[in-house]
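Remarks on the overall topology
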Amino acid sequence: MVRTPLTPEERLRGERLGLLLREARGERSMVSVAASAGISAETLRKIETGRAPTPAFFTVAALAGALGLSLDDVLGRCAPPPAVAPLIA
């Protein structure tokens, strides 16, 4: 099965997620955060560096829990801003 290429917005969202996770992790080691979330340190490394820009929902939820973030926090920082429709007068 061939994966469709990611859109620029999907790549940007993955970069924002990686940045958020790195900031929230702070001084904690990648290994300890990954273990708390039940994932491998390599998976966390790929997400943080943007090499895995579309991780599974449950992976994101587990990382958010391990880092003390709500899913609302994650969505607010990673989702694109809502499109604003032009006003027609």
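Residues numbered from 1 in each chain as written. Predicted model: local features only at pLDDT ≥ 70, side-chain atom pairs only at ≥ 80, totals over all residues. Heavy atoms only, no water.

Concerning the side chain of T59
- Of note, T59 is situated in helix α4 (residues 57–67).
- The exposure class assigned to T59 is buried, which follows from its relative accessible area of 16%.
- Leave out the neighbours within four places in its chain, and T59 touches I39 and I47. (Helix = DSSP H or I, 4+ residues; strand = E, 2+ residues; numbered from the N terminus. Buried < 20%, exposed > 50% of the residue type's maximum accessible area, 1.4 Å probe, protein only. Contact = heavy atoms within 4.5 Å.)

Describing the packing of aromatic side chains
- A complete count under the given rule lists 1 aromatic pair for this structure.
- With 5.3 Å between their ring centres and 75° between their planes, F57 and F58 make a pair best called edge-to-face. Accessibility assignment for this pair places F57 and F58 in one class, exposed. (Phe/Tyr/Trp six-rings, centres within 6.5 Å; stacked < 30°, edge-to-face > 60°.)

Description of the pattern of salt bridges
- Tallied over the entire structure, the rule returns 5 salt bridges.
- The closest approach of N and O atoms between R51 and E42, which form a salt bridge, is 3.0 Å.
- Here E42 falls in the partly exposed class, since its relative accessible area comes to 35%.
- Here the residues in one salt-bridge network are E42, R45 and R51, joined through shared partners. (Salt bridge = Lys/Arg side-chain N within 4 Å of Asp/Glu carboxyl O.)

What to know about the layout of surface pockets
- Taken as a whole, the largest pocket holds about 280 Å³ of empty space.
- Lining the largest pocket are 13 residues, with R13, L17, V60, V74 and C78 sitting closest to its centre.
- Among the secondary structure elements, those contributing two or more residues to the lining of the largest pocket are α1 (8–25), α4 and α5 (71–78).
- Partitioned by chemical class, the residues of the lining of the largest pocket number 10 nonpolar, 2 polar and 1 charged. (1 Å grid on protein atoms, 1.4 Å probe; cavity = no way out; pocket = protein on both sides within 12 Å on 5 of 7 lines; lining within 4 Å. Points joined across faces, edges and corners; volume = space filled by probe spheres on them. Nonpolar A, V, L, I, M, F, W, Y, C, P; charged D, E, K, R; others polar.)

Re empty space enclosed by the protein
- Summed over all chains, the structure comprises 1 cavity of 30 Å³ or more.
- Computed from the structure, the largest cavity encloses a volume of approximately 30 Å³.
- Lining the largest cavity we find L17, L21, I47, P55, V60, L63, A64 and V74.
- For the lining of the largest cavity, the secondary structure elements donating two or more residues are α1 and α4.
- At 3 residues, the largest contribution of residues to the lining of the largest cavity is made by α4.
- In the lining of the largest cavity, the residues fall into 8 nonpolar, no polar and no charged.

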